[in-house]
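# A closer look at the structure
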Amino acid sequence: MNDYSLFLGCLIPFRLPFIEASSRMVLEALGIQYEPLEGASCCPDPIGVQGVSFKAWLYLAARNLALAEEEGKDILTLCSGCFETLKTAREILLRDPALMEEVNEALKRIDREFRGDIDVLHIVEALYRVGPRRIESLIANPLEANVAVHYGCHLLRPSEVLGFDDPENPRKLDVLVEALGPKSLNYNYKDLCCGAAMNNIDRAKSYPYIKLKLESATKAGADCMVVACPFCFMQYDFGQLELKRKGYGFALPVFYYTEMLGLALGFTYKELGLAFHRTSVRPFLEEKLF
Amino acid sequence: MKLQSISSFRHRVSCFPEGGVSLKYCMQCSLCSSKCPVARVVESFNPRRIVCDALLGLEDEVVFKDGVWFCLSCHSCLEACPMNVKVSYLITFFKNLAVERGDVPEGVVEEVKQIFKTGRTLSLSSAVEKRRASLSLPPPPSVNVDEVRALLKEFVNVLGGEREG
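Remember, predicted model here, so these are calculated numbers, not experimental data.

Definitions and limits used
Residues numbered from 1 in each chain as written. Chains lettered and ligands numbered in written order. Predicted model: local features only at pLDDT ≥ 70, side-chain atom pairs only at ≥ 80, totals over all residues. Buried ≥ 20, exposed ≤ 12 C-beta atoms within 10 Å, placed from the backbone. Helix = DSSP H or I, 4+ residues; strand = E, 2+ residues; numbered from the N terminus. Pairing = 2+ DSSP bridges. Expected span 1.5 Å × (residues − 1). Core = buried A, V, L, I, M, F, W, Y, C linked by C-beta atoms within 7 Å. Contact = placed C-beta atoms within 7 Å.

Here we take up the pairing of strand β1 (residues 3-7) of chain A. All names here are of chain A. Burial analysis of β1 places 4 of its 5 residues in the buried class, which makes it a mostly covered element. Pairing of β1 with strand β2 (residues 33-36) involves 4 bridges; the strand directions are parallel. The residue bridging leucine 6 from the neighbouring strand is proline 36, located in β2. Pairing of β1 with strand β3 (residues 74-77), which is carried by 4 bridges, proceeds in the parallel orientation. Each bridged residue has a counterpart across the sheet, and for phenylalanine 7 the counterpart in β3 is threonine 77.

Residue and element names in this part refer to chain B. Its 14 residues place the ends of helix α7 (residues 87-100) 20 Å apart at the C-alpha level, agreeing with the 20 Å of an ideal helix rising 1.5 Å per residue. Counting buried positions over the 14 residues of α7 gives 12, a clear majority of the element. Burial in α7 covers these residues: Val87, Ser88, Tyr89, Leu90, Ile91, Thr92, Phe93, Phe94, Lys95, Asn96, Ala98 and Val99. Immediately beyond the C-terminal end of α7, within one or two residues, lies glycine 102, with a positive phi of roughly 85°.

In terms of nonpolar packing, the biggest core is built from 146 residues, with Ala62, Leu86, Met225, Val226, Val227 and Tyr257 of chain A together with Leu90 of chain B touching the most fellow members. The element contributing the most residues to this core is helix α4 (residues 54-71) of chain A, with 11 residues. Leaving out residues up to four positions away in the same chain, tyrosine 257 of chain A has contacts with Val124, Leu173, Leu176, Val226 and Ala228 of chain A.

To continue, consider the environment of valine 63 of chain B. Residue and element names in this part refer to chain B. Position of valine 63 relative to the elements: it lies in the loop between α5 (59-62) and α6 (76-80). Using a count of 22 C-beta atoms within 10 Å as the deciding quantity, one classes valine 63 as buried. Expressed as a C-alpha distance, the spacing of valine 63 and arginine 101, which sit 38 residues apart in the sequence, is 8.9 Å. Ignoring anything within four residues of it in the chain, the contact list for valine 63 reads Val68, Phe94, Leu97, Ala98 and Arg101.

These values are about where atoms sit, not about what they do.
Written out as structure tokens, the structure is:
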């Protein structure tokens, strides 16, 4: 199936619309059909909302899944949080008939039903299915750069349910990055969580995660980072600005994967809205692309 | 008396749908703590210890103020566990218990309130609206908030409803 319900979530359309723009552009360029899912709520957040009430989290996720089932299309997410929530909620319900019945009893109140007959994909998976070789054959601007790829947590784990890649040694995003020309680096703390979920609890405690990651990527010789989740993106892009105020001078551009893919396909800095990044990508692009 | 309370707490844990029954498989090897990114940063946070306290039925220790909320649900512990204990989901359940006691970080309460109000965690600022227009993006899809509220009506109290102004 190459026709998706695009699940935009909260953070991308309301804070980081340039990630939405680049994602739409590359999907269209690759001939992948999609329609934004109308009526969907927050996925909801697999950390905060699930922590407050597992059941409320499950009910709301089931409603979003039911909306996509009515469209009859697999869900495509841009955010790893949305991916984890929707994929795990689906699996939890399918494995537990009593729970599914309870949830469907509640969904009846709003004339909806969860059946579990559509799947949930992250955009990186959808692009991987297009194939790194095919993507490579389409690129107009090959990039020469050393990239620190960051997978984040919710794209990979729990791996038994998400089934995206080997959780210990994932490769898909590295392969997709290398298809555009760059070299994906091995670096310490490659698997370290971005710490974004700490922001709701204690913002200062999330700085060490950002600092460790940026230090280690810089030390390994990275020219930029590539991420697959808007929360990881915000941590490293906006987080650098905050760390600068604390006296740590990092200057590592951060790209969401579809932005780098967009550049490679020939879309411009302006079209991709890269000026909206808080850590400038200009010097990097002037050196590597222009 | 003591034993009875241990078994009743463990029974409650075992009823949690996602991994509740896995608690009893823990053999305290500590791989969860060694893989935990939070334990690197927050000295007081130790998933093995949380599971140990749960095994001993020490509900007050398990659900101590703010402790469980440091868990980021990154599932590194679940992935590392050789006994298939779903540590991260157990901690989710302990967070749910903390909520019943009124122990919820303000940031989390705000997030949930916002979902009740708008269906989403964030709303559209005029600055972002302009950015969307400059990127030729259509308005974001709408949410039927009444539907969200109707679906979640039995959770209003749990979800920070008591703090509604």
